[in-house]
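This is what each chain is made of:
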Amino acid sequence: MSHSPSSSCAAPLRVGIVGLGRLGRRHAEALAFATRHVQLVAACSPVESEREFARGELGVPRIHADYEALLQDPEVDAVVLVTPTSLHADQTIAALRAGKHVFVEKPLALNVEDCERVLAVAAEHPDRVAMVGFVRRFDPSYQSAQASVAAGEIGRPFLVRSQTCDRNDPDGFFVRFAPTSGGIFMDCSVHDIDLARWLLGRPKALRAFASGTIALHPGLAECGDVDNGLAIVEFEGGARAVFYASRTMAHGHETSTEVIGTEGKLLVGEHAARDRVVRSDARGVGHAVLADFHERFEAAFSREMIAFVAACRGEQTLDLTLSDAVEATRIGVAITRSLISGQVAPV
Ligand code: NAI
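Just so you know, these numbers come straight off a predicted model, no measurement behind them.

Definitions and cut-offs
- Residues numbered from 1 in each chain as written.
- Predicted model: local features only at pLDDT ≥ 70, side-chain atom pairs only at ≥ 80, totals over all residues.
- Heavy atoms only, no water.
- Helix = DSSP H or I, 4+ residues; strand = E, 2+ residues; numbered from the N terminus.
- Buried < 20%, exposed > 50% of the residue type's maximum accessible area, 1.4 Å probe, protein only.
- Polar contact = N/O pair within 3.5 Å; in protein donor to acceptor, adjacent residues only side chain to side chain.
- Contact = heavy atoms within 4.5 Å.
- Pairing = 2+ DSSP bridges.
- Axes fitted to C-alpha atoms, helices over the stretch in contact; angles between N-to-C directions.

Novice: Before we move on, could you go through the side chain of Glu258 and cite the residues and values that matter?
Specialist: Along the chain, Glu258 turns up in strand E11 (residues 254–261). Exposure remark for Glu258: the relative accessible area of 7% places this residue in the buried category. Within the local environment of Glu258, its side chain forms a polar contact with the side chain of Arg161, the two groups lying 2.5 Å apart. A polar contact is formed between the side chain of Glu258 and the side chain of Lys265, at a distance of 2.5 Å. If sequence neighbours within four positions are ignored, Glu258 has contacts with Leu159, Val160, Arg161, Lys265, Leu266 and Leu267.

Below, the structure is given as structure tokens:
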């Protein structure tokens, strides 16, 4: 992803989307109807109803059941991978080898070795963009906070407290999803891990400790996962991060991050307010809550895709690098190891 775009070109970027599940559909709709300088020319899914969605609802002309077939298509310049995390590394490598730019959802892989395989192949294709979807880096509030920190406005940042908390889903989508997601820290906290590194100036992580509990979803025990997890990470130079991830909030989605420095602190996303309407009545004062991550980060998803397209067209470079994604996985793996062992884990 750290790349040098070789040339600028006026033609729209021709994209093939791979995976049309919970998030893939959203990316596909944005690419088909709401992103400039893009044509959604192909879609791939092993599921017939998803292929039908792409054909019928989005009008995508070339539909594939098989990823290899999409990669052979010379009319596809870039792929957007929104597939199970366990497939990300191999699918990214195959795309780069086929000469495509790649956007791959987070995390890049579930272990550091797979991440490093991707990094090695990306280094062989420096004219191809490879970007991992750490969407919060494209959220206006997080960007503003990071710019303030980088400008020294809170002095030296030394502590990040960050949480990703989802509303409880009684259907247990994520219980079925858990075996391929890497667990709550790799799936949810990986965003907070990336934010912590970004806000703290990319310090080296030294060790991690994690604990967790199952509040509502006993099915998670089968794969060693929890529905509420806590972690502490120590970084070289004294900086620290504390993460909380939950699948069981009763009210709605609540992502927030606090960065504390020697001369001040910043708080992004204090509560789960859906909008700016505050209702007051006999029951009290309150506001509607955000339903899920997509509602919270809709603008960021759009800006993220605009950045990917601009990078592929040689119009901008990306601050977010593949190495950042490797480090996020490295820390996530150590946290997960600590959760399972109950011991402090070296990163
Ligand atoms: P999902 O299970 O709803 O969708 C997965 C999709 O991949 C399905 O369309 C499935 O048919 C397709 N698929 C499975 N095997 C395939 C193959 N061999 N070739 C092509 N397609 C294949 O999962 P969801 O929730 O959409 O997550 C997908 C990815 O997006 C995950 O890596 C997840 O971590 C990431 N994600 C990122 C979020 C963010 O905030 N940036 C939020 C939600 C998910």
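Here the narrative resumes, following the displayed structure.
Novice: Explain the sheet that holds strand E3 (residues 62–64) residue by residue, including any values.
Specialist: Taken in spatial order, the six strands make up an open sheet running E3-E2-E1-E4-E5-E6, and their pairing is parallel. Two strands close off the open sheet at either side, each with one partner strand: E3 and strand E6 (130–133). Along the sheet, successive strands turn relative to each other by an average axial angle of 25°, direction set aside. Of the strand pairs in this sheet, strand E1 (residues 13–18) and strand E4 (residues 78–81) are connected by four bridges, and their pairing is parallel. If you follow Ile17 over to E4, its bridge partner there is Val80. Packing of helix H1 (residues 24–33) onto the sheet brings it into contact with E1, strand E2 (38–44), E4 and strand E5 (101–105), and relative to E1 it is tilted by some 160°. Lying on the sheet, helix H4 (residues 88–97) is in contact with E4, E5 and E6; it crosses E5 at an angle near 170°.

Novice: Run through the side chain of His101, naming residues and quoting values.
Specialist: As for its placement among the helices and strands, His101 is situated in strand E5. Non-local contacts of His101, meaning those with residues more than four positions away in its chain, are made with Leu13, Asp77, Ala78, Val79, Asp127, Arg128, Val129, Phe308 and Cys312.

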